[in-house]
Every structure is written in C-alpha cells, then in structure tokens.
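# Chains, contacts and geometry: an overview
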Amino acid sequence: MTETSVTARLRGGSAKAGVIAAVRSTNFSLIIAIIVLMAILTVLRPTTFLTFDNLLNIAVAAVLIGLCALPQTLVILTGGIDISVGSNVGLSSVVCALVAAQSPSAGGGVLAIVLALAVGTAGGIFNAAVITFGRVSPLIATLGTYTAFQGVTYIVTQGKSTAVLNSTLNNVNSVQIATVPLPVIILLVAVVALALFMKFTDFGRNIYAVGGNPTAARLAGLNVNRYLFGIYAFVGFIGGVAGIILTAKQGAGVPASGAPDLALQSITAVVLGGAALTGGIGTISGTVLGVIILGVLANGLLLLNVSALYQPVPQGLLLIVAVLVQQRRGHFDLRGFLRLRRDPIPAAALKADGTE
Amino acid sequence: MTLSSTQDVRTGVSTPVLTLRGISKRFGPVSALDDVSLTFNSYEVHGLLGENGAGKSTLLRILSGDYQPDSGEIVLDGEVVYLRSPHDAHALGIHVVYQEPELVPFLTVAENLSLGALPSKAHRVTLRGIIDVAERLIVEHGFAGTISATQLVSDCSPAQRQCVEILKAIRDGARVLCLDEPTSSLAEDESQRLWDLMERLRARGTAIIYVSHRMPEITQLCQRVSIMRDGKRVADGLTSELSQDEMIRLMVGRPLSRMFPVRDSARGAIAVRMRGVTTHHVSDIDLDIFAGEIVGLSGLVGAGRSEVAQALYGIDRMTAGTVEVAGIQRRLRSPRAAIAVGIGLAPEDRKAQGLFLDRSVSDNVSLSVLRSLSRWHVVRRRVESQLVDSMTKRMRVKSRSVHSLMRTLSGGNQQKVLLARWVARNPQVLILDEPTRGIDVGAKAEIYQLINELTRAGMAVLLISSELTELIGLADRIAVMREGRVVGEVNRKHATEETLLRLALGMKEEE
C-alpha cells in the first residue's frame, strides 16, 4: 500500500470516528443543553435575555466560578479535589483589601495585588506540600485548609470588612476593553491559555497520564509528585487572582463574602463538563461549558424572578441530572434500547479491533 | 456431595449436562459467535481453545448470563433454559470464574465465601458462624494450609483469590464450572493446587469448562477439547485424538515450531552488571546482561523475579550491592533515574502498571519521549505522529487508527504498544515482565519475533516469565531464583523444563 493511500484511509477513518465521537461526547450534549436552555429563556424573556448587556452580565457573574473551575479541572484530572480554593479566594481578597487600604497610591495597589497573589500561592503550596510530602488524601488536606483559611480570614480582619479606596485596585473591576470588563478578559485569557497548555504542551499531556494511571506514569518516568505539587500550587495562585477580582468588585475586603462556596461551585462546573472524579478524563472546554450552563441558569432564574431562596434547588438538581445523562449515554445503544433489554457495552466485545 | 469417595472416580459415567445449540451473537457488525454448538458432559474437563477474539469470552459471558444470545438455545439436562442474568445461571448451577475474580477485597475470605448466603439464625449473623462455615468449606476441599478463612482478600495471592471464587461456586453446588484462563496469573505450584481441585470436582461429576492458551495444560487436564476460531467452532474431539501441533494449527493455522524465532543476534558489550544487589525482597543478586542478549529470569511466584526488576529499575531501594550500566556505576533511586541511564520496564500487570487505557494509542506510545518531541514544551505534532506511525508499524500494532482508545485493543496489541513506547525511547536494557501473559498464541509468536528483532539491534533484554517454554524458547541464558536469591544459571542449550523446575523448587539433580 502506498504512503498516500494509507494516510487517506487513516484520515477517512478518523473523520468518521470524529463525527461519532462528537455526537457521543460530553461537550455535544452540553452544547445542546445550553442551546435548549437559552432558547427557553429567549422565548420567556424575549426583550431581556438575549441582549449583549445581559450576556455580559452572565460573563461577569461567572468570572469567579470560572477562574476557580479552571485549575480545579487540572486537580480533578489527577483524581484529586480541592475544596479549599474558595476559602483561599476569601483570604487573598481580604489580604488584598487590608494592604490596599493602607495607601491610595498606585504603588499601594500593586503591592496589594502582589501580596494577594503571594498569599494565594502560599495557600496552594501548603496544600501541595501536605498532599505530596505528607501523602494526605487531597479531600482531607483541602477540607482542613477549607476551614483553616476561613479562620485566618477572620483573624487577619478581626471579623470586620475593609473598604478599599485605592483607584488602581478598583480599576481592576472598572477598566473595560471594547466594553468588556477586565475580569472577563482575564477569565477569557486564562481559559485560552490553559486550553492551549493542556492540548499542546508535554506538561498538559503528562497531566492526563498522571491522572489516568499514576502507577504507570511513575513507571514511565514521570515525576508524579512534581506534577501534583505544581497543580495544587497553581490552584492557590489562581485563587489569589480571583481574590483580587473579588475585592475590586466589592470595593472592599469582606470576611463573610461567601467565597468558600466557590469551591463546590467550581467542582460542580467541572463535573458538569464531563470530568471523572476518578481522574484522567476531562477537558478545559467541557469545564467552560459547565461554567456557562451554571451561569445561564443562574441568570435565567434571576430574569424569571425566581426567589433567591429557590435558586440553589435547580442548580443542584442540574448536576445530578447531568451526571445521570452522562452515565446513560455511555451505555446507550439504540438496538438494546428498542428491544428493551439489558445489553452489555458493545465496546467490550469490539475489542476484536486488533484481530478483525 | 456424596460422590467424594475415590472409588467412584473412574466409574462415573459421562452424560451430557449442558448443550449449546446454534448459538449466535453479534455486536454491531462483528459476529462474535456464529452458530456454535457444543456439548459439555459430566465427569469431564472440556478444554476450550482459541485465540483472543475467537469468541471464547463471549461464550462464557452467555453461560454466565451476562449476555443473551441472538439466536440458538441452551439446554440443561434436556430442558431449554434461559439465562437472563448471572443470578439465573447460578440458580441453575452454572458458574463462571473469570481471570480476575470478582471478590470484595476489604472483606475476609470467610465473609466473601458467605456473600449472598450468610449463615444466620433469625437474621442474626455471627462472625463465628461465618468463619466456621468457611473453614469447613476450605478443609473439605483440600485448601487447609493454603487459605485462611480470616485472611483479607486484598492480602490474598491471585491463586488464593481464584480458589476462593471456585469455593464459592462449590458452595452453591455448581454443576457446570467454567474457568477462564485460570492459570494465567499463577505459578506452577499454585496451578498444581488448582488442578488437584479440578480433578476432585470432576470426580464428583461436575462438568468443567477450561479456557486456556496453554497447550500442555489442555492436553494434560482435558478429556475433550473444542477449538474455536473467528466465532465458529472449528474442531471438537477427545484430547487424546489431537496432537498439540494439530490444535495450534487449527487455532491459528501455524505450527508450533514457528512460535520462536531463531536466535541469531551477536552478544555485545556488557550492558548491566549487578553485584550483590540486596533490597527488602531480594538478596545478593549477581546478574550480567550483555547487549544483544536475552537473559531469562525464572522461578516460582514469590521467588523475587519481579523484585529484581524493581531493584534495577529504581523502584525498590537497594540496601547493598552495586549496579553498573554500560560500565558506569549508578545509584538508581527512581524509575526516572533508571530511564535516564537507558533502562526500560514493561511491567507485569500491563493494564494497571503500564498503560493509560482511556488515552489513545498515540499518547501511550509517545509518552516516554514526549519531552524530546517538544520544543519549548510544545509537542511537535507532526514529529510525534511520524514517530508513532513508524513505531506502531514496526511493532505491528493493529488498531483502527492511532487515535483509538487503548482499552479497545486486544491484549496482544496492548502489549505491542507498550513495547513500541520503549522502542521509541530505545533503552540499552529492556526489562520485560511477563510480556505474553494472557495473550493468544498468534500475538505471542509476533511478540517473540519483535523481542528478537530488538536484540538484533543491540538491545539487552531481561525476560521475566512464568512460562518455562517461553524462557527456553527465547532466552540465551536463564537465571533461576528461589526465595529472593539467584540459585543457578542455565545456558539455553542445557535448559529443559525439568532442570529449571528442579532449581526453582530446590531439588537435587538426579544422578
């Protein structure tokens, strides 16, 4: 067989497989879900929902969850979990406010930003050290710091909010580029950078390997601990970024900002995006869709004047429904469905791949 | 259970117990079973032979009630039965024991043995009762001293787990017992125990279906043998009427003599010199491996074969001794360090320790060289796909495309991918731990050929295997281990299964 015919055959095969894979993929069903949700909202609120301003509102509201969900995706890819990211955001936020409140100068603002990033990163490194050197399970380690970081937040603020009058810091929230606020730009840049990082660098590929099978990754020569350390530290760094945005948004450092909830919301977004908590499976694009669906849902409930008391119910149920759908889809087989009988996963029998 | 007196053993009359008539099963376009008819008799061990993908596993899954046939019928004692679930199959006395037994690892052997049939009085379960029942079962079936009722299943060896699973089947009064590759993870002595048990069960009238790739086991154990190929039954008859060569020819259309390549690579410079290497598992290992050479490592399970690999590969910490790689003394503290000096390892349990089943073939191959394929940490995809294409071609990996998920490949192709990963890295020394476990005959022959080709290119290979024929057929020298020590080295010319076993068991040479 000639070289060209081989590649042509491969291309044809992968294109066909690509279509099937796309239809079966998590992203496809999420996109459908988002379109359906948006269609419903457009019909119910024709004048308000599908406007540029409202879509921007959704984006602005999604910035913090989105930022937390990005590194959370990496953590979940390694089979871990980080519950402390929201507490870390809260801590970085108040540190940022406390420093910025000292001086209204630009230098004070920059110092506040740098220190907030340092605090966030330090929190992440603490988690990383406990998890990699201490060999504590990520759930336990970050459950501990989830509480501890909140405690530190109250200690450094003595429970009081700090108003920020530093214009440099407030600019983080108010500067707009082509009518898009800076926080949204930061989120978009982070999304694109991380998606490229995961897809095109050896680091990204190795993260999938470390998460998919840590033993095999180690035996293949990867330094698994180094990857884990880097990822948990990175969560802390992004937590710092989110903390700065939170402070700028509120114009104050508020110890009771509710930031710790961001952790569970970010995990929700990642799982909605099709990641497996066992590790190795998940994508940045899926997470982005998960964040979008959460954001659209929250916005829709607001537009429909659903009481804030009721809003968490559909958000929580959405996660469960999404996971149920994903599990069914994996086993979905039209033939078996029509005959209404329990059919095994055909893939198991199709292992004849090599012997066909 | 009254037939246990040995007098009846030979007088038991074989009568058909289970008959399959015209069983077919398709998965989409693939015909896994095509009009298969088979009869299994009482007092008989019935061997089921075939390459991977021949339909044996599908057949077992139909017998276990996991799959329903598209057409055909299953007849038990003259009556047509329908096995809609494993529960149905168990109720009718049909039990299938798979390669990886389905036990609860964090419960004791006794608790596993009582699952689904807890001995209780008015719903009050006592631990004592559970243990008593289990111990009675264990002693009655000759496992006293092999398995302890109070042992955790997670602490059990593969052989012990297999035995627990079989005991469960006996507990439920299995009339038809199917064993899927039961010895693939067992050493010779463990296998022997399993065979003794099978013989006792057979003597009581149980019909046993024995699936194996290992020809000698089939000829020794089975009274009757059926051979499958491409979803069809291609032959059926008394084992005594078929020679091993005949069976292999029927399975693959290739005689046994062509299984092993002719070893023709020249022995080069020394690649690895281990002197007095000691870890917590092995003691005082002296081993030399030369470039272009295949050195076999033999011994019973637990003798420390894999542990020698772990010491050399930087997994286990060395407490004494030295390792020289290509003449330079090295301290290898991690697999990473070992890889850096030119050592590779294809581990024993390829799915758990070697492969990324949810990643593509391409990702699995390029992993070990990803860094060198990258510029500024950005993977150069064209270079990568060229490398992967040439490696999969060289290793004769058969998959729909290099983007196929690893878990969709057959065992043999998975092993070839693992080899391809190392060949891409081109280490000086490649350690292969059980490279052909659970792989069908055709793929085995291919892998032997590939290993031979690697040594021709100057690679040194350390081959760890439980299969003596494999070691004798492929290795230039065979080091035999017992209790963590190398107790002897046999040259290929003098190696016979008997000499190797004697060394491994610590028996004196007969005069």
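Residues numbered from 1 in each chain as written. Chains lettered and ligands numbered in written order. Predicted model: local features only at pLDDT ≥ 70, side-chain atom pairs only at ≥ 80, totals over all residues.

### Section: the overall build of chain B
Secondary structure assignment for chain B yields 17 helices and 24 strands. What you see for chain B is a C-alpha radius of gyration of 24 Å, in line with the 24 Å of a compact globule of 511 residues. Its C-alpha atoms give chain B principal-axis dimensions of about 70 × 55 × 50 Å. Taking all 511 residues of chain B together, the buried fraction comes to 49%. (Helix = DSSP H or I, 4+ residues; strand = E, 2+ residues; numbered from the N terminus. Rg over C-alpha atoms; globule rule 2.2 N^0.38 Å. Buried ≥ 20, exposed ≤ 12 C-beta atoms within 10 Å, placed from the backbone.)

### A word on the overall build of chain A
Check the secondary structure of chain A and you find 16 helices and four strands. Within the span of chain A, comprising 356 residues, buried residues form 45% of the whole. Taking the contacts inside chain A whose residues are at least 6 apart along the sequence as the reference set, 77% of them involve residues at least 24 apart. (Contact = placed C-beta atoms within 7 Å.)

### Focus on the sheet that holds strand S18 (residues 343-346) of chain B
Residue and element names in this part refer to chain B. Reading across from one edge, S18-S21-S22-S15-S23-S24 is the order of the six strands in this open sheet, with mixed pairing throughout. Two strands lie at the open edges of the sheet, namely S18 and strand S24 (485-491), each paired on one side alone. Going across the sheet, the axis of each strand differs from the next one's by a mean of 20°, ignoring polarity. The pairing of strand S23 (residues 477-482) with S24 spans six bridges and is classified as antiparallel. From the neighbouring strand, Arg-477 faces S24, where its bridge partner is Asn-491. Lying over the sheet, helix H15 (residues 441-456) contacts strand S15 (294-299), strand S21 (429-433) and strand S22 (460-464), oriented at roughly 150° with respect to S22. (Pairing = 2+ DSSP bridges. Axes fitted to C-alpha atoms, helices over the stretch in contact; angles between N-to-C directions.)

### Examining the sheet that holds strand S14 (residues 285-290) of chain B
Residues and elements named next belong to chain B. In spatial order, the strands read S14-S13-S16-S17; together these four strands make up an open sheet with antiparallel pairing. Since the sheet does not close on itself, it has two edges, and those belong to S14 and strand S17 (328-330), each with one partner. Neighbour-to-neighbour, the strand axes of the sheet open up by a mean angle of 20°, direction not taken into account. Direction of pairing for strand S16 (residues 320-325) relative to S17: antiparallel, over a ladder of three bridges. Opposite Glu-324, over in S17, you have Gln-329 as the bridge partner.

### Thoughts on unusual backbone geometry
Residue and element names in this part refer to chain B. For Tyr-43, which is not a glycine, the phi torsion comes out positive at approximately 55°. In this fold, Tyr-43 is placed in the loop between strand S2 (30-41) and strand S3 (44-49). Look at Tyr-43 and you get buried, because 22 C-beta atoms sit within 10 Å. Although it is not a glycine, Glu-483 sits at a positive phi angle of roughly 50°. Along the polypeptide, Glu-483 turns up in the loop between S23 and S24.

### Quick look at the confidence of the model for chain B
Put simply, chain B has an average pLDDT of 84, and 92% of its residues get 70 or more. Scored as a whole, the predicted complex attains pTM 0.73, and scored at its interfaces, ipTM 0.75. (pLDDT = per-residue confidence, 0-100.)

### Focus: the packing of helix H8 (residues 182-200) of chain A against helix H9 (residues 202-212) of chain A
All names here are of chain A. Relative orientation of the contacting elements H8 and H9 amounts to 75°, with a least axis distance of 5 Å. Considering their axes alone, H8 and H9 lie roughly perpendicular with respect to each other. Along the contact surface, H8 presents Phe-197, Met-198, Lys-199 and Phe-200, while H9 presents Phe-203, Gly-204 and Ile-207. (Parallel < 35°, antiparallel > 145°, perpendicular 65-115°, else oblique.)

### Some points on the pairing of S22 of chain B
Residue and element names in this part refer to chain B. The buried count for S22 comes to five of five residues, which makes it a mostly enclosed element. Residue alternation in S22 divides its side chains into two sets, Ala-460, Leu-462 and Ile-464 and Val-461 and Leu-463, and both sets are buried. In the sheet, S15 pairs with S22 via four bridges, with the strands oriented parallel. From the neighbouring strand, Gly-296 faces S22, where its bridge partner is Leu-463. Bridge count between S21 and S22: five bridges; the pairing is parallel. Bridge pairing in S22 places Leu-430 opposite Val-461. Read as a crossover between parallel neighbours, the route from S21 over H15 to S22 is right-handed. (Right-handed = clockwise from strand over helix to strand, strands pointing away.)

### With respect to the packing of helix H5 (residues 106-132) of chain A against helix H11 (residues 224-250) of chain A
Residues and elements named next belong to chain A. In the contact formed by H5 and H11, the axes pass within 7 Å of each other and the chain directions differ by 150°. The pairing of H5 with H11 is recorded here as roughly antiparallel in orientation. Two packed elements cross with a definite hand, and for H5 against H11 that hand is right-handed. Broken down by class, the residue content of the contact of H5 with H11 amounts to 17 nonpolar, eleven polar and no charged. (Left-handed = near helix turned anticlockwise from the far one by under 90°. Nonpolar A, V, L, I, M, F, W, Y, C, P; charged D, E, K, R; others polar.)

### Considerations on helix H14 (residues 411-425) of chain B
Residue and element names in this part refer to chain B. With 15 residues, H14 extends 22 Å from end C-alpha to end C-alpha; this agrees with the ideal 21 Å at 1.5 Å per step. Counted residue by residue, H14 has 14 buried out of 15 residues, so it is predominantly covered. Directly after H14, the chain includes Asn-426, whose backbone phi takes a positive value near 50°. (Expected span 1.5 Å × (residues − 1).)

### Thoughts on the confidence of the model for chain A
Overall, the predicted model of chain A reaches an average pLDDT of 84, with 84% of residues at or above 70. Confidence drops under pLDDT 50 across residues 330-356 of chain A; counting only partners more than four residues distant or on other chains, this segment forms 41 contacts.

### Digging into helix H7 (residues 167-174) of chain A
Residues of H7 of chain A that are buried: Thr-168, Leu-169, Val-172 and Asn-173 of chain A. Buried residues of H7 of chain A, viewed axially, fall in a sector of 160°; they line one side. (Arc of directions from axis to C-beta.)

### Notes on the pairing of S3 of chain B
Across a regular strand the side chains alternate sides, sitting on one face of the sheet and then on the other. Residue and element names in this part refer to chain B. The element S3 is largely enclosed, with a buried count of six among its six residues. Side chains Glu-44, His-46 and Leu-48 project from S3 onto one buried face, and the interleaved Val-45, Gly-47 and Leu-49 project onto a second face that is buried too. Pairing between S3 and strand S10 (residues 207-211): five bridges, direction parallel. Paired with His-46 across the two strands is Ile-209, which belongs to S10. Sheet topology note: the S3/strand S11 (residues 224-229) ladder contains four bridges and is parallel. Paired with His-46 across the strands is Arg-224, a residue of S11.

### A closer look at the environment of Gly-47 of chain B
Mapped onto the elements of the fold, Gly-47 of chain B is located in strand S3. On a C-alpha basis, the gap between Gly-47 of chain B and Met-215 of chain B in space is 9.9 Å, while along the polypeptide they are 168 residues apart.

### Comments concerning the environment of Leu-177 of chain B
Position of Leu-177 of chain B relative to the elements: it lies in strand S9 (residues 176-180). Leu-177 of chain B has contacts with His-95, Ala-169, Leu-201, Thr-206 and Ile-208 of chain B, leaving out every residue within four places of it along the chain.

### What to know about the environment of Asp-284 of chain B
Its location among the elements puts Asp-284 of chain B in the loop between strand S13 (270-278) and S14. For the pair Asp-284 of chain B and Glu-102 of chain B, spaced 182 residues apart in sequence, the C-alpha to C-alpha distance is 38 Å.

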